[in-house]
Amino acid sequence: DVQMTQSPYNLAASPGESVSINCKASKSISKYLAWYQQKPGKANKLLIYDGSTLQSGIPSRFSGSGSGTDFTLTIRSLEPEDFGLYYCQQHNEYPLTFGGGTKLELK
Amino acid sequence: QVTLKESGPGILQPSQTLSLTCSFSGFSLSTYGMCVGWIRQSSGKGLEWLANIWWNDDKYYNPSLKNRLTISKDTSNNQAFLKITNMDTADTATYYCARSGYYSGGGFDYWGQGVMVTVSS
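Residues numbered from 1 in each chain as written. Chains lettered and ligands numbered in written order. Predicted model: local features only at pLDDT ≥ 70, side-chain atom pairs only at ≥ 80, totals over all residues. Heavy atoms only, no water.

Visitor: How should the nonpolar core be read in this particular structure?
Guide: A general trend in soluble globular proteins is that nonpolar side chains are found buried together. The biggest cluster of nonpolar side chains holds 31 residues, and the ones touching the most others in it are Val 36, Leu 82 and Tyr 95 of chain B. Listing elements by their share of this core, those giving two or more residues are strand E3 (18-25), strand E4 (34-41), strand E5 (47-54), strand E7 (69-74), strand E8 (79-84), strand E9 (93-101) and strand E11 (115-119) of chain B. Once residues lying within four places of it in the same chain are set aside, the contact partners of Leu 82 of chain B are Leu 18, Ser 19, Leu 20, Trp 38, Leu 50, Ala 51, Leu 69, Thr 70 and Ile 71 of chain B. In terms of nonpolar packing, the next biggest core, distinct from the first, is built from 23 residues, Val 2, Cys 23, Ile 58 and Cys 88 of chain A among them. (Core = buried A, V, L, I, M, F, W, Y, C linked by side-chain atoms within 4.5 Å. Buried < 20%, exposed > 50% of the residue type's maximum accessible area, 1.4 Å probe, protein only. Helix = DSSP H or I, 4+ residues; strand = E, 2+ residues; numbered from the N terminus. Contact = heavy atoms within 4.5 Å.)

Visitor: Honestly, the pairing of E5 of chain B in this entry has me stumped. Any pointers?
Guide: A regular strand places its side chains on the two faces of the sheet in alternate fashion. Residues and elements named next belong to chain B. For E5, the tally of buried residues reaches seven of eight residues, placing the bulk of the element in the interior. Where E4 and E5 come together, seven bridges link them in antiparallel fashion. Along E5, the bridge assignment pairs Gly 37 with Asn 52. Hairpin remark: E4 followed by E5, antiparallel, with five residues in the connecting loop; positive phi at Gly 44, about 75°. Looking at chain direction, E5 and strand E6 (residues 59-61) are connected through three bridges and run antiparallel. Each residue of the ladder has a partner; that of Asn 52, found in E6, is Tyr 60. Between E5 and E6, which follow one another and run antiparallel, lie four residues, and Asp 57 among them has a positive phi close to 75°. (Pairing = 2+ DSSP bridges.)

Visitor: Could you clarify how one ought to interpret unusual backbone geometry in this entry?
Guide: Glycine aside, a negative phi is what most residues show, and trans is what most peptide bonds show. For the peptide bond that leads from Ser 7 of chain A to Pro 8 of chain A, omega is -5°, which places it in the cis range. With respect to the helices and strands, Pro 8 of chain A occurs in the loop between strand E1 (4-7) and strand E2 (10-13). Cis peptide bonds are those with omega within 30 degrees of zero, and the linkage from Tyr 94 of chain A to Pro 95 of chain A qualifies with -5°. Relative to the assigned elements, Pro 95 of chain A resides in the loop between strand E9 (84-90) and strand E10 (97-98). Here the phi dihedral of Ser 15 of chain B falls at roughly 85°; this positive angle occurs in a residue that is not glycine.

Visitor: How do you make sense of the interface of chain B and chain A when you look at a structure like this?
Guide: Accessible area lost when the parts come together is the quantity often used to give the size of an interface. Counting residues at the interface gives 23 residues for chain B, matched by 18 residues for chain A. Taken together, the two surfaces of chain B and chain A that pack against each other cover about 1,600 Å², and 57% of this comes from carbon and sulfur. For the chain B face of the interface with chain A, the top three residues by lost area are Leu 47, Trp 49 and Trp 111 of chain B, together amounting to 33%. Counting across the interface, chain B meets chain A through six residue pairs in polar contact (both at pLDDT 80 or more). Among the elements of the structure, E4 and E5 of chain B are those that each provide at least two residues to the side of chain B that touches chain A. (Buried area = accessible area lost by both parts, 1.4 Å probe. Polar contact = N/O pair within 3.5 Å; in protein donor to acceptor, adjacent residues only side chain to side chain.)

Visitor: Quick question: what am I supposed to make of the sheet that holds strand E3 (residues 19-25) of chain A here?
Guide: Strand pairing within a sheet occurs via backbone hydrogen bonds; the two strands may be parallel or antiparallel. All names here are of chain A. Read across the open sheet, the four strands follow the order E1-E3-E8-E7; overall the sheet is antiparallel. The open sheet has two edge strands with one neighbour each: E1 and strand E7 (62-67). For this sheet, the mean inter-axis angle between neighbouring strands, taken without regard to orientation, is 15°. In this structure, E3 lies alongside strand E8 (residues 70-75), joined through six bridges in antiparallel fashion. Residue Cys 23 lies in a different strand from E8, and its bridge partner there is Phe 71. (Axes fitted to C-alpha atoms, helices over the stretch in contact; angles between N-to-C directions.)

Visitor: In this structure, what is going on with the packing of aromatic side chains? I would like to understand it.
Guide: If you walk through the whole model with that rule in mind, you get 12 aromatic pairs over all chains. With 6.0 Å between their ring centres and 45° between their planes, Tyr 36 of chain A and Phe 98 of chain A make a pair best called tilted. You can see Tyr 36 of chain A sitting in strand E4 (residues 33-38) and its partner Phe 98 of chain A sitting in strand E10, a full 62 residues away along the chain. When sorted by exposure, Tyr 36 of chain A lands in the same class as Phe 98 of chain A, which is buried. Ring centres of Trp 54 of chain B and Tyr 102 of chain B lie 5.3 Å apart, and the angle between their planes is 45°; this geometry places the pair in the tilted category. Placement of the pair is Trp 54 of chain B in strand E5 and Tyr 102 of chain B in the loop between E9 and strand E10 (110-111), with a sequence separation of 48 residues. Ring pairs connect the aromatic residues Tyr 36 and Phe 98 of chain A together with Tyr 96, Phe 108 and Trp 111 of chain B, which therefore count as one cluster. Between Arg 99 of chain B and the ring centre of Phe 27 of chain B, over which it is positioned, the NZ or CZ distance is 5.2 Å. (Phe/Tyr/Trp six-rings, centres within 6.5 Å; stacked < 30°, edge-to-face > 60°. Lys NZ or Arg CZ within 6 Å of the ring centre and 35° of its normal.)

Given below as structure tokens:
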């Protein structure tokens, strides 16, 4: 199985700041990485797939980069609604695997 | 508008079989490239993928659950199902169904709200 390691585990930031969340795969997954946002009481939201493709309806302040084993989700100019949990997931091979999550908190 | 909703028993005893239903609208599982998957999340823990079923009836399972999983679909009624046998307290979790497929590169682009399942004697 491809192990996905996210960092940092916790991240504190203020509205208007930019943040980056990293995801490392235990072996190459080409470009096939997705990023999700999870918030209480709301359905999980797909932000990015194929490493850098912005899902329809997602604000352009979200961006993804990387390939192979190292990927980054960047959120520019944080908005209050951006605080929550973020997960990466590889969709290169079965079994599909998720990272452990990053909690983005308000500083 | 794409929606998915999970339903299940809520609580069951160890060794019983869990039967979950995902009722969806806004797409068809008979459409080329479409897929529905099941993912679970234990309280305070991360996401664990369980199974996918594709429009052509291809099925994929998480081998960590060995032979306990069965995924199926009813295209006519826009439903997907997941059965997990021999449930244990460690299977207590929120279970989600989500849409995937070629159109989202394999990512899950729409999720249900999840259904909580508790395994307790």
